[in-house]
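Inside the fold
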There are 2 protein chains.
Amino acid sequence: MRVIFNEELKAVADDLDHMVKGVRRAINGAGDALLNQNLEAAQAVIDGDIEIDALEASVVDQCVKLLAKQNPVATDLRVVVSTMRLATTFERMGDLARHIAEAARRTYPASPLPAEAQPLFTEMQAFLNDVADQTVAMLSDRDTKTAEQIIINDDKLDELHKKTFELAQSENWAGTNQQLIDVVLIGRFMERLGDHAVSAARRVVYIVSGFDPSKEPARDEDTDIA
Amino acid sequence: MRVIFNEELKAVADDLDHMVKGVRRAINGAGDALLNQNLEAAQAVIDGDIEIDALEASVVDQCVKLLAKQNPVATDLRVVVSTMRLATTFERMGDLARHIAEAARRTYPASPLPAEAQPLFTEMQAFLNDVADQTVAMLSDRDTKTAEQIIINDDKLDELHKKTFELAQSENWAGTNQQLIDVVLIGRFMERLGDHAVSAARRVVYIVSGFDPSKEPARDEDTDIA
């Protein structure tokens, strides 16, 4: 029974790993679409989101079957429940990357961003590319050091996100109202990508801690004031 | 065993019911804060979100204990898993209402919205107040007719949401860039509240259908193009 449980859990972990690698590709591709007007990259992110959604459904389905057949308790049970919740977080990250790709596709061959917003969004994207790498590494190694780095670093992304509002209200702002809408929404999507990575990181810390209740991530990370 | 399972499941259902009623209060209060500059209402929504978060943690905790002790299978198991996912959806709705309340508090005693945006947001809020009532009713009666109504009606909210962008780009727009930011973000929060209500409605349809796979809600409802 134990051997079967471990084998089946391994299969779910592999799917979750595919999922998070798909999310990394989506984040990288969305950035390429946004900053370099790469239409193929945009389309690949949009098409690839279907696969991420299918992987989520598969992970949840396998977890429900594991719960039914193996009746895991204690740590095993919490691993299965946490796996379902991680899959939901990653599915959402795929959606957010898709939204950025859709904005880039809509304005192609122009950028959705005015020129003065490029440096700030380039910085945010570089940050998110790092977060995407860290999320993959954290998950494959159950590495709490990387997870804690993701949690600590997120303040930096929140700072950059605040700058999108300052930019939109500055005297130098020369963009159209459509560009202002895109700056606000794309900035928000990027900030939310960071929040979800923090949620995932907290969940990994919770798993590795042996489900120490003081480390339980009870809620969404979205505490920014609008 | 069966009697204990049903009793414990009833306790979780009661917590979920408290949660969704808290979400309704939050949606109503956020609207009152936004449209009537009701500062007390804003603060009540912000403070009340802590209770919604605590209820989510409690629902998930009870579900994990139910899975461990009772080893539910088939329909019972899927009810428990769906209950956890509904709690997460409602927690998120509480956050979104809180964001709207925070925006209203930030600009008090002024409105975050320019005068020309009031009629549109009044219409969106009336829609969301109805959705909040329907969500409470759907959950307490496991009522698929109401659930299907929520799903069908959501197009109307998406239409209203699109009008926020049209408004922000119209020649009549006389607001500041800060107001434009608020129109975009508050509009987005309201549209997301509707999406989450649709997610919850699809989950209730799936539960009542006896977990017919063709009715499984596999993903987030957020398909709008940014």
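If you look chain A up in an unreviewed UniProt entry, it shows as Phosphate-specific transport system accessory protein PhoU from Bifidobacterium catenulatum DSM 16992 = JCM 1194 = LMG 11043. Entered under Subcellular location (unreviewed entry) in the UniProt record, the comment concerning chain A runs "Cytoplasm".

With the rule as written, the count across this model stands at 0 disulfides over all chains. The thiol of A:Cys63 is not disulfide-bonded; the next cysteine sulfur, from B:Cys63, is found 15 Å away. A residue is classified by how much of its surface remains accessible, and A:Cys63, at 0% relative accessible area, is buried.

Right, let's get into the environment of B:Asp53. Residues and elements named next belong to chain B. With respect to the helices, strands and loops of the structure, Asp-53 is situated in helix α2 (residues 39–70). Owing to a relative accessible area of 7%, Asp-53 belongs among the buried residues under this scheme. The spacing of Asp-53 and Ala-87 is 34 residues in sequence and 9.3 Å in space, taken between C-alpha atoms.

Here the focus is the interface of chain A and chain B. Between chain A and chain B, the residue contacts involve 46 residues of the former and 46 residues of the latter. Summing both sides of the interface, chain A and chain B together bury roughly 4200 Å²; the carbon and sulfur share of this comes to 56%. Among the salt bridges present, the one from A:Arg78 reaches B:Asp61, with a minimum N-O distance of 3.7 Å. Viewed at the interface, chain B and chain A are joined by 8 residue pairs in polar contact (both at pLDDT 80 or more). Elements with a contribution of two residues or more to the side of chain A that touches chain B: α2 (39–70), α3 (74–107), α5 (144–169) and α6 (177–208) of chain A. Sort the elements by how many residues they give to the side of chain A that touches chain B and α3(A) lands first, with 14 residues. Looking at side-chain class alone, the side of chain A that touches chain B contains 21 nonpolar, 7 polar and 18 charged residues.

Quick look at the pattern of salt bridges now. Throughout the structure, instances matching the rule amount to 32 salt bridges over all chains. Between A:Arg85 and B:Glu56 there is a salt bridge, with its nearest N and O atoms 2.8 Å apart. Residue A:Arg85 is found in helix α3, and its partner B:Glu56 is found in helix α2; the two belong to separate chains. For the pair A:Arg85 and B:Glu56, one class covers both residues: buried. Of the charged contacts in the structure, one is a salt bridge between B:Asp182 and B:Arg106, with a shortest N-O distance of 2.7 Å. You can see B:Asp182 sitting in helix α6 (residues 177–208) and its partner B:Arg106 sitting in helix α3 (residues 74–107), a full 76 residues away along the chain. For B:Arg106, a relative accessible area of 35% puts it in the partly exposed group.

For the rest of this paragraph, the subject is the environment of B:Phe165. With respect to the secondary-structure elements, B:Phe165 resides in helix α5 (residues 144–169). On the accessibility criterion, B:Phe165 (15% relative accessible area) is buried. Distance in space between the C-alpha atoms of B:Phe165 and B:Ile207 is 36 Å, their sequence separation being 42 residues. Ignoring anything within four residues of it in the chain, the contact list for B:Phe165 reads A:Ile181, A:Leu185 and B:Val184.

With that settled, the discussion passes to the relation of the copies chain A and chain B. For the pair chain A and chain B, the best superposition has an RMSD of 0.0 Å and corresponds to a rotation of 180° with a translation of 0.0 Å parallel to the axis. A rotation of that kind, with that shift, is consistent with a two-fold axis. Identified as the residue of chain A closest to the rotation axis by C-alpha distance is A:Asn71, at 2.9 Å. Most of the interface of chain A is mirrored in chain B, where 100% of its interface residues again form contacts.

Bringing unusual backbone geometry into the picture now. Here A:Tyr108 and A:Pro109 are connected by a cis peptide whose omega angle stands at 5°. If you trace the backbone, A:Pro109 turns up in the loop between α3 and α4 (118–141). Its identity is not glycine, yet B:Gln37 carries a phi of approximately 50°, on the positive side. When its relative accessible area of 26% is taken as the criterion, B:Gln37 is described as partly exposed. The phi dihedral of B:Ala74 falls on the positive side, at around 50°, and the residue is not glycine. Take B:Ala74: it is sitting in helix α3.

Reading guide: rules and limits
- Residues numbered from 1 in each chain as written.
- Chains lettered and ligands numbered in written order.
- Predicted model: local features only at pLDDT ≥ 70, side-chain atom pairs only at ≥ 80, totals over all residues.
- Heavy atoms only, no water.
- UniProt positions renumbered as here; feature names shortened; annotations may be inferred.
- Disulfide = S-S within 2.5 Å.
- Buried < 20%, exposed > 50% of the residue type's maximum accessible area, 1.4 Å probe, protein only.
- Helix = DSSP H or I, 4+ residues; strand = E, 2+ residues; numbered from the N terminus.
- Contact = heavy atoms within 4.5 Å.
- Buried area = accessible area lost by both parts, 1.4 Å probe.
- Salt bridge = Lys/Arg side-chain N within 4 Å of Asp/Glu carboxyl O.
- Polar contact = N/O pair within 3.5 Å; in protein donor to acceptor, adjacent residues only side chain to side chain.
- Nonpolar A, V, L, I, M, F, W, Y, C, P; charged D, E, K, R; others polar.
- Least-squares fit on C-alpha atoms with pLDDT ≥ 70 in both.

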